[in-house]
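Listed below are the residues making up each chain.
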Amino acid sequence: MTYSININRKYIERVINPARLTFSQVEKSVAISHKLYREKPDWYIVNNFVHYFKTHKDARFIGELLSKDVISLVGGSFHLAPAEYKPVILVEHANKMMLSERVGLLSPNVQSSEFNYCDLTTLHNLFYDLPRQHNAFTIKGLLEILSRHDIPNYEELKLQIIATYVIDWFTHQLDRNSCNLLFEYSDLSFDDLIPLRLARLIDSESSFAVSPNGVIDSEYPKIWIPAIPYSQLEFKNHPEQFEGLDYNISELMLDYPEEVAAVINILCTTDFNPVLKKYAPCYNAGISVSDDCISFLKSFIDEKKEEATKIKSLQF
């Protein structure tokens, strides 16, 4: 069974003719390459603040918004926060006579002027022994390399990375790749010790069984194939389970039992029903799904909680 979303434009805020930013304007407040700007040029000033607009017309809306809700509920215990996303209709003048309207998600810039930013592919500028290629990372290798450096808050950073990975598994997020995992840090101190933290989490739309063609598919592949595997670079080519459980999280559990158990405990004791109800059908809902889809999403979460409990038992 597949499910689509319902978009009721009447109840979605319209943002009319915001000031579009050029690359030179964007780079003053966003650490972004010219190549990435060409791929994602929709940066605007809205309410005197830099925002990014992501066009969406399908179930990726729900993937992004539900993931944001889960991270907001669970992530605080691990100093994690999501980007803020709001459904809007962006209205621009296509020419003097016509208006262009796009439905999507508007998000305030996640980068603060107080910090410097890099993603996983450029983290080698701070730690020389990290890979340079975007597809050469594993979570196990990343944690091992970072542990060898004098990072003042390494324990916090380690827990942030582990919590993000477990939450991504719980939401079945498939696209937390090395280009959208952002880090923030202050300028180098006099002793060159760098406090490093994960920035707000972005790009979580490929989650909750959202398929590549933009529908929620109840027949989604149950084996989680993350963009960054835990230990095996070729995992996507040879996906497998560990005694019927997720392979990547099971390995992570065996290596970091206390940290993984802490995340699982919060996930399994959190009531996500109020979050799901936000997207249930009602007369004034801008973005919603059917009652049947809500039932599927509830069962999706229940199954993840059941598997999480089994994975947690691997520590004993």
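Here, every reference points to the structure presented above.
Below: a short report on this structure. (Residues numbered from 1 in each chain as written. Predicted model: local features only at pLDDT ≥ 70, side-chain atom pairs only at ≥ 80, totals over all residues. Heavy atoms only, no water.)

## Thoughts on the layout of surface pockets
And step 1. Quantified by volume, the largest pocket comes out at close to 840 Å³.
And step 2. Within the residue set of the lining of the largest pocket, elements represented by two or more residues are strand S6 (49-55), strand S8 (99-108) and strand S9 (116-119).
And step 3. Among the residues forming the lining of the largest pocket, the class breakdown is 15 nonpolar, 11 polar and 7 charged.
And step 4. Its boundaries defined by the atoms lining it, the second largest pocket holds a volume of some 330 Å³.
And step 5. As for the second largest pocket, its lining consists of 16 residues, and the residues nearest its centre are Asn135, Ala227, Pro229, Leu233 and Lys236.
And step 6. Each residue belonging to the lining of the second largest pocket can be placed in one class, and the counts come to 8 nonpolar, 6 polar and 2 charged. (1 Å grid on protein atoms, 1.4 Å probe; cavity = no way out; pocket = protein on both sides within 12 Å on 5 of 7 lines; lining within 4 Å. Points joined across faces, edges and corners; volume = space filled by probe spheres on them. Helix = DSSP H or I, 4+ residues; strand = E, 2+ residues; numbered from the N terminus. Nonpolar A, V, L, I, M, F, W, Y, C, P; charged D, E, K, R; others polar.)

## A look at the sheet that holds strand S11 (residues 196-198)
And step 1. A sheet is described by the order of its strands in space; here 3 strands give the open sequence S9-S10-S11, paired in antiparallel fashion. Every interior strand has two partners, whereas the edge strands, S9 and S11, have only one. Along the sheet, successive strands turn relative to each other by an average axial angle of 30 degrees, direction set aside.
And step 2. Both S9 and strand S10 (residues 182-185) contribute to a ladder of 4 bridges, which runs antiparallel. In the sheet register, Asp119 faces S10, and the bridge partner there is Leu182. (Pairing = 2+ DSSP bridges. Axes fitted to C-alpha atoms, helices over the stretch in contact; angles between N-to-C directions.)

## With respect to the sheet that holds S6
And step 1. Spatially, S3-S7-S8-S6-S5-S4 is the arrangement adopted by the 6 strands of the open sheet, whose pairing is mixed. Across the chains shown, the open sheet's two edge strands, defined by having one partner strand only, are strand S3 (13-16) and strand S4 (19-20).
And step 2. Bridge analysis of strand S7 (residues 86-93) against S8 gives 8 bridges, and the strand direction is antiparallel. Residue pairing in the sheet places Glu92 in a bridge with Ser100 of S8.

## Some words on the environment of Tyr165
And step 1. As for its placement among the helices and strands, Tyr165 is situated in helix H5 (residues 154-170).
And step 2. The class for Tyr165 is buried, based on a relative accessible area of 6%.
And step 3. Here the alpha-carbon distance between Tyr165 and Pro226, two residues 61 residues apart in the chain, equals 9.0 Å.
And step 4. In contact with Tyr165, other than residues within four places in its own chain, are Ile139, Trp224, Pro226, Ile228, Pro229, Tyr230, Asn248, Ile249 and Leu252. (Buried < 20%, exposed > 50% of the residue type's maximum accessible area, 1.4 Å probe, protein only. Contact = heavy atoms within 4.5 Å.)

## A word on helix H9 (residues 291-312)
And step 1. Look at H9: 32 Å from first C-alpha to last across 22 residues, which is about the 32 Å you get at 1.5 Å a residue.
And step 2. Taken residue by residue, H9 has Cys293, Ile294, Phe296, Leu297, Phe300, Ile301, Lys304, Lys305, Glu307, Ala308 and Ile311 as its buried positions. (Expected span 1.5 Å × (residues − 1).)

## Points about the environment of Leu159
And step 1. Its location among the elements puts Leu159 in helix H5.
And step 2. Residue classification places Leu159 among the partly exposed positions, given a relative accessible area of 24%.
And step 3. Here the alpha-carbon distance between Leu159 and Tyr11, two residues 148 residues apart in the chain, equals 39 Å.
And step 4. Apart from residues no more than four positions distant in its own chain, Leu159 is found in contact with Phe78 and Glu259.

## Digging into the environment of Gly214
And step 1. Positionally, Gly214 belongs in the loop between S11 and strand S12 (216-217).
And step 2. When the C-alpha positions of Gly214 and Ser231 are compared, they lie 29 Å apart, and in sequence the two are 17 residues distant.
And step 3. In this view, Gly214 contacts Asp58 and Ala59; residues no more than four positions away in its chain are not counted.

## Regarding empty space enclosed by the protein
And step 1. In total, this model carries 1 cavity of 30 Å³ or more according to the counting rule given.
And step 2. The volume enclosed by the largest cavity comes to roughly 110 Å³.
And step 3. Every residue lining the largest cavity is counted, 13 residues in all, and those nearest its centre are Ile139, Thr164, Tyr165, Asp168 and Arg176.
And step 4. Ranked by residues supplied to the lining of the largest cavity, first place goes to H5 with 4 residues.

## Overview of the packing of aromatic side chains
And step 1. Counted according to the given criterion, the structure contains 12 aromatic pairs.
And step 2. Here Phe170 and Phe272 contribute two aromatic rings whose centre-to-centre distance is 5.6 Å and whose plane-to-plane angle is 40 degrees, an arrangement assigned as tilted. Of this pair, Phe170 sits in helix H5 while Phe272 sits in the loop between helix H7 (257-269) and helix H8 (273-277); the two residues are 102 residues apart in sequence, bridging distant segments of the chain. Phe272 carries the same exposure label as Phe170, and that label is buried.
And step 3. Each ring, one from Phe296 and one from Phe300, has its centre 6.2 Å from the other, and the planes form 65 degrees; the classification is edge-to-face. (Phe/Tyr/Trp six-rings, centres within 6.5 Å; stacked < 30°, edge-to-face > 60°.)

## Some points on the nonpolar core
And step 1. Core analysis: the biggest nonpolar cluster contains 87 residues, and Leu123, Leu146 and Val166 have the highest contact counts within it.
And step 2. If you tally residues by element for this core, the top one is H5, at 10 residues.
And step 3. Leaving out residues up to four positions away in the same chain, Leu146 has contacts with Leu123, Phe127, Leu130, Ile151, Tyr154, Leu157 and Ile161. (Core = buried A, V, L, I, M, F, W, Y, C linked by side-chain atoms within 4.5 Å.)

Structural measurements only, silent on function.
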